[in-house]
Amino acid sequence: MDKLESLGDWKRTHYCGEVSSKEIGEDVLLMGWVRRSRDHGGVVFVDLWDRIGIIQIVFSPQVSSEIHSKGASLKSEFVIAIKGNVRPRPQGTENASMPTGKIEVVVNEVKILNESETPPLELDVDNLGEEIRLKYRYIDLRRDKMQKNLFLRHKVTQAARKFLADKGFLEIETPFLARSTPEGSRDYLIPSRLNPYSFYALTQSPQLFKQLLMVGGVDKYFQLVRCFRDEDLRKDRQPEFTQIDMEMSFVEKEDVMEIGEGLMKHIFETAGYKIKTPFPIITYDNAISRYGVDKPDIRFGLELKDITDIAKQTNLKIFHQVIDKGGIVKAINVPNGGEKLSLKVRNDLIEYIKGFGAGGLAWIEVKADSCHSPIVKYFKEEVLKKLKDVLGTKLGDLILIVADNKQITNTALGSLRVKLAEDLGYLKDVPQFSFVWVIDFPLLQYSLEEKRWEFAHHPFTSPLEEDIKYLEKEPEKVKSKAYDVVLNGTEISSGSIRIHNRALQEKVFKTVGISKEEANEKFGFLLEAFKYGAPPHGGLAFGFDRLMAIMSGEASIRDVIAFPKTQKGICLTTKAPSSVNDAQLKELHIKLDR
């Protein structure tokens with residue numbers, strides 16, 4: 001058009017999706033985007049869309065030839081405002097799939113507020129390529145799925161805030177610009193113009209600040225907070241992400257877990273779902289033993305069984321070689337796997353297992369007359385019977401076996417367990433949401449690359465009192481007061497009771513090779529605070545994006561974030577990150593090595 005029209009004094013009376021049969025005979029003023037247009041024998045039908053819903057509006061030449069002409073000129077995604085009268089749709093033309101499908105609005109005035117070129121993506125198509133969706137995210141956000149996801153995120157955000165506020169928590173903002181403490185993921189570094197050659201780091205979490213708040217007597221803190229980590233990205237990670245973060249004073253882990261559980265129950269009910277509480281509790285050692293991972297999906301069976309003692313009674317050389325080197329032999333039983341998993345599939349599973357570092361995968365098929373397998377000749381009949389008894393096999397089952405060091409065996413079989421559940425449809429008839437607490441994590445883990453002990457969670461996690469005696473000489477024995485929430489096999493929350501005593505914190509630092517000088521350089525402000533009456537405290541942080549993805553039924557957290565980054569950390573919409581000019585660099589005392 002030569003000249004677009006202004007909104008003027010027009011005020012919206014209803015959102016498109018709010019109009020109902022109650023408004024029949026009334027005049028309404030609607031605003032939104034043209035989703036699609038159809039010309040049926042001179043009468044133009046337009047689907048008008050806004051974030052609440054969609055409604056059919058009608059441009060009839062009987063009302064006004066000028067208005068009808070403007071209606072006929074409308075194209076997809078034009079922005080318009082209309083005045084019209086609500087009427088029932090003619091019998092036989094109702095659309096049961098639309099909440100507004102029984103009514104329509106006959107237009108008697110229209111303003112074209114803006115035009116649109118043909119959109120580069122179809123808004124009614126679900127299987128769009130992610131790259132084009134992220135490049136034109138502002139258009140992608142108009143799709144019904146994205147609107148629903150963002151609305152649910154808003155709704156859950158408000159529910160979380162209300163729940164915690166009602167429990168006496170104070171919402172307090174902590175700094176994004178802090179000092180670098182490179183103990184975990186890489187920091188995003190920000191040069192300081194006013195302090196040349198010095199850098200801020202974008203906070204990976206509010207951990208240190210929320211502990212200082214506890215020293216400050218805040219007692220109960222929470223925050224829906226943005227966090228930043230410069231790490232390799234996957235479908236469940238972003239360089240900037242959101243946490244529901246909380247901390248409490250004068251508590252033990254059961255108190256924090258009770259609040260976390262109550263929060264989950266409340267926000268899931270807000271979203272229209274019922275979940276069972278209390279959540280089951282499993283120790284870290286038990287999770288690794290039964291599921292191979294510390295974030296187990298407990299919605300189905302296929303549990304791992306340690307058959308090392310049985311393997312010792314076989315004549316299979318590889319079993320004995322692994323066991324002699326301190327390794328283990330584990331197995332899972334696949335019900336009716338003999339029929340479900342063909343020889344080709346079994347060979348594919350062998351290659352899958354090798355991807356986790358395992359040497360291979362052995363199988364034994366349970367048949368009516370005997371067991372069938374390339375390795376069954378190495379088993380005496382009584383040994384086979386023990387194996388079947390331990391695994392609880394039935395006719396037609398398939399036993400899958402891995403023999404390797406503990407870490408590879410557990411990781412490989414644990415991953416295979418999940419793959420089989422997905423491939424064989426075990427997840428179709430399971431609870432939609434299945435939570436579990438994992439507790440008693442190791443305080444430390446040994447890095448073969450660094451040849452030293454490292455923190456399994458973070459440096460401020462408290463060890464169990466009874467295990468403090470092992471810190472100096474047997475650190476592998478030390479368990480922590482850490483607790484994770486796992487939902488459908490995904491870790492959505494991590495927390496712990498913190499160290500609040502300076503001497504113990506310094507002792508833990510010493511165990512991982514952090515000297516007093518280094519500890520004071522990196523964490524001196526926290527150690528100093530501990531000298532002035534730090535209360536016992538602990539907390540929890542929920543990964544909000546992961547939580548929303550699971551709640552929304554999305555495979556990727558990018559579908560529940562308004563403007564996410566790609567797996568390479570790029571914003572396709574704004575083309576960030578970008579280069580900066582030499583004047584900006586000079587001001588920051590930075591010279592690039594191009």
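Scroll up a little and you will see the structure.
Structure report, in brief.

About the criteria used
Residues numbered from 1 in each chain as written. Predicted model: local features only at pLDDT ≥ 70, side-chain atom pairs only at ≥ 80, totals over all residues. Heavy atoms only, no water. Helix = DSSP H or I, 4+ residues; strand = E, 2+ residues; numbered from the N terminus. Buried < 20%, exposed > 50% of the residue type's maximum accessible area, 1.4 Å probe, protein only. Contact = heavy atoms within 4.5 Å. Pairing = 2+ DSSP bridges. Patch = residues over 30% accessible without salt bridge, like charges linked within 9 Å, V, L, I, M, F, W, Y side chains within 5 Å. Areas by Shrake-Rupley, 256 points an atom, 1.4 Å probe, with all protein chains shown as cover. Salt bridge = Lys/Arg side-chain N within 4 Å of Asp/Glu carboxyl O. Phe/Tyr/Trp six-rings, centres within 6.5 Å; stacked < 30°, edge-to-face > 60°. Core = buried A, V, L, I, M, F, W, Y, C linked by side-chain atoms within 4.5 Å.

Some words on the overall build of the protein chain
- What the protein chain contains, in helices and strands, is 17 helices and 23 strands.
- Over its C-alpha atoms, taken along the principal directions, the protein chain stretches across nearly 90 × 75 × 55 Å.
- Going through the 594 residues of the protein chain one by one, you find that 47% of them count as buried.
- In the protein chain, the share of contacts with a sequence separation of at least 24, taken over all contacts with a separation of at least 6, comes to 68%.

Examining the sheet that holds strand 17 (residues 398-404)
- Ordered by their spatial adjacency, five strands build an open sheet running 13-14-17-15-16, and the pairing between neighbours is antiparallel. With partners counted over all chains shown, the strands left at the sheet margins are strand 13 (305-306) and strand 16 (371-372), one partner each.
- The pairing of strand 15 (residues 362-366) with strand 17 spans four bridges and is classified as antiparallel. The residue bridging Trp363 from the neighbouring strand is Leu400, located in strand 17.

Let's talk about the pairing of strand 3 (residues 53-59)
- With seven of seven residues buried, strand 3 lies mostly within the body of the structure.
- Burial of the side chains of strand 3 extends over both faces: Gly53, Ile55, Ile57 and Phe59 are buried on one face and Ile54, Gln56 and Val58 on the other.
- Of the strand pairs in this sheet, strand 2 (residues 43-50) and strand 3 are connected by seven bridges, and their pairing is antiparallel. Across the sheet, Asp47 pairs through a bridge with Gln56, a residue of strand 3.
- In this antiparallel pair of consecutive strands, strand 2 and strand 3, the connection spans two residues.
- In terms of strand pairing, strand 3 meets strand 5 (residues 103-114) through two bridges, oriented parallel. The residue of strand 5 that forms the bridge with Ile57 is Val105.

What to know about a nonpolar patch on the surface
- On the surface, Phe176, Leu177 and Tyr200 cluster together to form a nonpolar patch covering roughly 260 Å² of accessible area.
- With respect to the helices and strands, Leu177 occurs in strand 7 (residues 177-178).

Examining the pattern of salt bridges
- The full count for this structure, using the stated rule, is 43 salt bridges.
- For Asp47, the salt bridge is made with Arg38, and the minimal N-O distance between the two is 3.3 Å.
- For Arg38, a relative accessible area of 24% translates into the label partly exposed.
- Among the salt bridges present, the one from Arg290 reaches Glu303, with a minimum N-O distance of 3.0 Å. Of this pair, Arg290 sits in helix 7 (residues 284-291) while Glu303 sits in the loop between helix 7 and strand 13, and the two are 13 residues apart along the sequence.
- One network of salt bridges, with partners in common, ties together Asp126, Arg133, Arg137, Asp140, Arg143, Lys145, Glu554 and Asp559.

Points about the packing of aromatic side chains
- In this structure the tally under the stated criterion is 16 aromatic pairs.
- Here Phe279 and Phe435 contribute two aromatic rings whose centre-to-centre distance is 4.4 Å and whose plane-to-plane angle is 5°, an arrangement assigned as stacked. With Phe279 in the loop between helix 6 (253-270) and strand 12 (281-283) and Phe435 in strand 18 (residues 435-439), this pair connects stretches of sequence that are 156 residues apart.
- With relative accessibility at 4%, the residue Phe435 sits in the buried group.
- Taking the centre distance of 5.4 Å and the plane angle of 45° together, the rings of Tyr284 and Phe441 count as tilted. Linking Tyr284 in helix 7 with Phe441 in the loop between strand 18 and strand 19 (444-447), this pair joins segments that are 157 residues apart in sequence.
- Relative accessible area serves as the criterion here: at 3%, Phe441 is assigned to the buried category.

Description of the nonpolar core
- Membership of the largest hydrophobic core comes to 42 residues, with the highest contact counts inside it found for Met246, Leu263, Met264, Ile267, Phe268 and Phe435.
- With seven residues, the top contributor of residues to this core is helix 6.
- If we ignore the near neighbours within four places in the chain, the residues touching Met246 are Leu164, Phe169, Lys210, Tyr221, Phe222, Ile259, Leu263, Gly539, Leu540 and Phe542.
- Grouped together as the second largest cluster of nonpolar side chains are 23 residues, Ile307, Leu316, Ala362 and Ile375 included.

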